[in-house]
Amino acid sequence: AGSISWSGALRALNADTPNAAKFAAVYLLVNQRWQSGDRLGALEAARRLPKIAPEVAQAHVALAIETWREMSALPPTERKAALAEGQAAAQTALRLDPREGGAYLAAMLTTPTGLWAERVDWLERGRSIDPANTSIDSFLSQLYSSTGQLSLAFNAIQQARALDRLSEQKALWLARLY
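The model shown is predicted, which means the values in this text are computed figures rather than measured ones.

**Student:** Just give me the short version of helix 4 (residues 57-70), but keep the residues and values in it.
**Tutor:** When the terminal C-alpha atoms of helix 4 are compared, their 20 Å separation across 14 residues agrees well with the 20 Å that a helix rising 1.5 Å per residue should span. In terms of burial, helix 4 is largely enclosed, as 13 of its 14 residues are buried.

Okay, structure coming up:
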């Protein structure tokens, strides 16, 4: 989910908040651990972010997204509590900064998969607030595709691809839908 990346760390460094450098370092650690295959290590690092910067919406977004990404790596007995933690983090991010598109993505990711209309609504709201967030369009495309709405899926991924032409993942998804 593109919200845990270099751009998030750079935004954190640019923010006028206490512990910005520490936040950025741990934010990058989440990404590094995830890319190296240390999924539970990535989640543990993400859990540190709201403690470092409780007033920064992106800290809670990162925790919610990382919780979603690592859900299947958790023992089954821990998943319900982890989902509740992710949902609470998404809601905290929305409360802290309702203009943060990633918060809507996080809310969608922590919404049960069977609630299609609610999930699409989260993404559409995020898209209206943050139209340059290509992760929102990518996930919207996947949701539309999974419900058979292929023209909407195609339009959403085209939008994401237009904003992020270097993304191999978006190019491949576009080719699949074409």
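**Student:** So what's going on with the nonpolar core? Which residues, and what values?
**Tutor:** Core analysis: the biggest nonpolar cluster contains 43 residues, and Phe23, Leu49, Leu105, Met108 and Leu123 have the highest contact counts within it. For this core, the elements supplying multiple residues, two or more each, are helix 2 (20-35), helix 3 (39-52), helix 4, helix 5 (76-96), helix 6 (101-109), helix 7 (116-129), helix 8 (134-146) and helix 9 (150-163). In this structure Leu123 touches Leu105, Met108, Ile136, Phe139, Leu140 and Leu143, once residues within four positions along its chain are discounted.

**Student:** Outline the confidence of the model for the protein chain, supporting the account with residue identities and numerical values.
**Tutor:** Mean pLDDT over the protein chain: 87, with 84% of residues reaching 70 or higher. Confidence scores differ between elements of the protein chain, with helix 1 (residues 6-14) showing the lowest mean pLDDT of 61 and helix 5 the highest of 97.

**Student:** Just give me the short version of the packing of helix 7 against helix 8, but keep the residues and values in it.
**Tutor:** Contact pair helix 7 / helix 8: the axes reach a minimum separation of 10 Å and the direction vectors enclose 150 degrees. With respect to their mutual orientation, helix 7 and helix 8 come out roughly antiparallel. Regarding helix 7 and helix 8, the two cross each other, and that crossing is left-handed. Residue-level inspection shows Trp116, Arg119, Val120, Leu123, Glu124, Gly126 and Arg127 of helix 7 in contact with helix 8, the latter providing Ile136, Asp137, Phe139, Leu140, Leu143, Tyr144 and Ser146. Class assignment for the residues of the contact of helix 7 with helix 8 results in 8 nonpolar, 2 polar and 4 charged.

Calculation rules
- Residues numbered from 1 in each chain as written.
- Predicted model: local features only at pLDDT ≥ 70, side-chain atom pairs only at ≥ 80, totals over all residues.
- Heavy atoms only, no water.
- Helix = DSSP H or I, 4+ residues; strand = E, 2+ residues; numbered from the N terminus.
- Expected span 1.5 Å × (residues − 1).
- Buried < 20%, exposed > 50% of the residue type's maximum accessible area, 1.4 Å probe, protein only.
- Core = buried A, V, L, I, M, F, W, Y, C linked by side-chain atoms within 4.5 Å.
- Contact = heavy atoms within 4.5 Å.
- pLDDT = per-residue confidence, 0-100.
- Axes fitted to C-alpha atoms, helices over the stretch in contact; angles between N-to-C directions.
- Parallel < 35°, antiparallel > 145°, perpendicular 65-115°, else oblique.
- Left-handed = near helix turned anticlockwise from the far one by under 90°.
- Nonpolar A, V, L, I, M, F, W, Y, C, P; charged D, E, K, R; others polar.

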